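For reference, the chains in residue letters:
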Amino acid sequence: MSINVTLFAWNHGYAIVEQAGTWNGYDIYLPKHVAESASPTVILANESEVRFAEPDEAAACIA
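Note that the coordinates shown come from a computational prediction; the quantities given were computed from them, not determined experimentally.

Undergrad: How would you sum up unusual backbone geometry? Please name residues and give values.
TA: Unusually for a residue other than glycine, N24 sits at a positive phi of about 50°. Tracing the backbone shows N24 in the loop between β1 (16-23) and β2 (26-32).

Written as structure tokens, this is what we have:
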């Protein structure tokens, strides 16, 4: 797992991140809170960026 993804997640309040595959050239990471939220949160990462997925991207990633 990329240190950038871990730091990105940590800086946004997520202590745990699980790699969940790939989508459109991005590695998919699912950040976890102690208590799960109602809507899924997905982090997308490639060689040039780490970012939260837009709602439609998150839905495509976990479908």
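Undergrad: So what's going on with the packing of aromatic side chains? Which residues, and what values?
TA: Within the structure shown, the criterion is met by two aromatic pairs. Judged by centre distance (4.9 Å) and plane angle (55°), the ring pair of F8 and F52 falls under tilted. Taken together, the positions of F8 in helix α1 (residues 3-11) and F52 in strand β4 (residues 50-52) put the pair 44 residues apart, joining distant regions of the chain. You can call F8 buried: its relative accessible area is 17%. Among the aromatic residues, those joined into a cluster by ring pairs are F8, Y14 and F52.

Undergrad: Could you give an account of the pairing of β1, with specific residues and numbers?
TA: Alignment of β1 against β2, held across seven bridges, turns out to be antiparallel. Bridge pairing in β2 places V17 opposite P31. The loop that links β1 with its antiparallel partner β2 comprises two residues; one of these, N24, has a positive phi angle of about 50°.

Undergrad: Any chance you could break down the sheet that holds strand β3 (residues 43-45) for me, citing the residues and the numbers?
TA: Strands in a sheet are paired, the pairing made by backbone hydrogen bonds, and the direction either parallel or antiparallel. Strand order in the open sheet formed by four strands is β1-β2-β3-β4, with antiparallel pairing between adjacent strands. If you trace the sheet from one side to the other, it starts and ends with β1 and β4, each paired once. On average, each strand axis in the sheet is inclined to that of its neighbour by 30°, with strand direction left out of account. The sheet strands contacting α1 are β1, β2, β3 and β4, and the helix crosses β4 at an angle near 40°. Where helix α2 (residues 55-62) meets the sheet, its contacts fall on β1, β2, β3 and β4, and the angle it forms with β1 comes to roughly 80°.

Undergrad: Give a description of the pattern of salt bridges that names residues and reports values.
TA: Overall, the coordinates contain two salt bridges when judged by the stated rule. For E57, the salt bridge is made with R51, and the minimal N-O distance between the two is 2.9 Å. Salt bridges here are not isolated pairs; linked through shared partners, they connect E49, R51 and E57.

Undergrad: Lay out the environment of A45 in plain terms, naming residues and giving numbers.
TA: Tracing the backbone shows A45 in strand β3. Linking A45 and S2, residues 43 residues apart in sequence, is a C-alpha distance of 8.7 Å. Sequence-distant contacts of A45, that is, excluding residues within four places in its chain, are made with V5, G25, Y26, D27, Y29 and V50.

Rules of the game
- Residues numbered from 1 in each chain as written.
- Predicted model: local features only at pLDDT ≥ 70, side-chain atom pairs only at ≥ 80, totals over all residues.
- Heavy atoms only, no water.
- Helix = DSSP H or I, 4+ residues; strand = E, 2+ residues; numbered from the N terminus.
- Phe/Tyr/Trp six-rings, centres within 6.5 Å; stacked < 30°, edge-to-face > 60°.
- Buried < 20%, exposed > 50% of the residue type's maximum accessible area, 1.4 Å probe, protein only.
- Pairing = 2+ DSSP bridges.
- Axes fitted to C-alpha atoms, helices over the stretch in contact; angles between N-to-C directions.
- Contact = heavy atoms within 4.5 Å.
- Salt bridge = Lys/Arg side-chain N within 4 Å of Asp/Glu carboxyl O.

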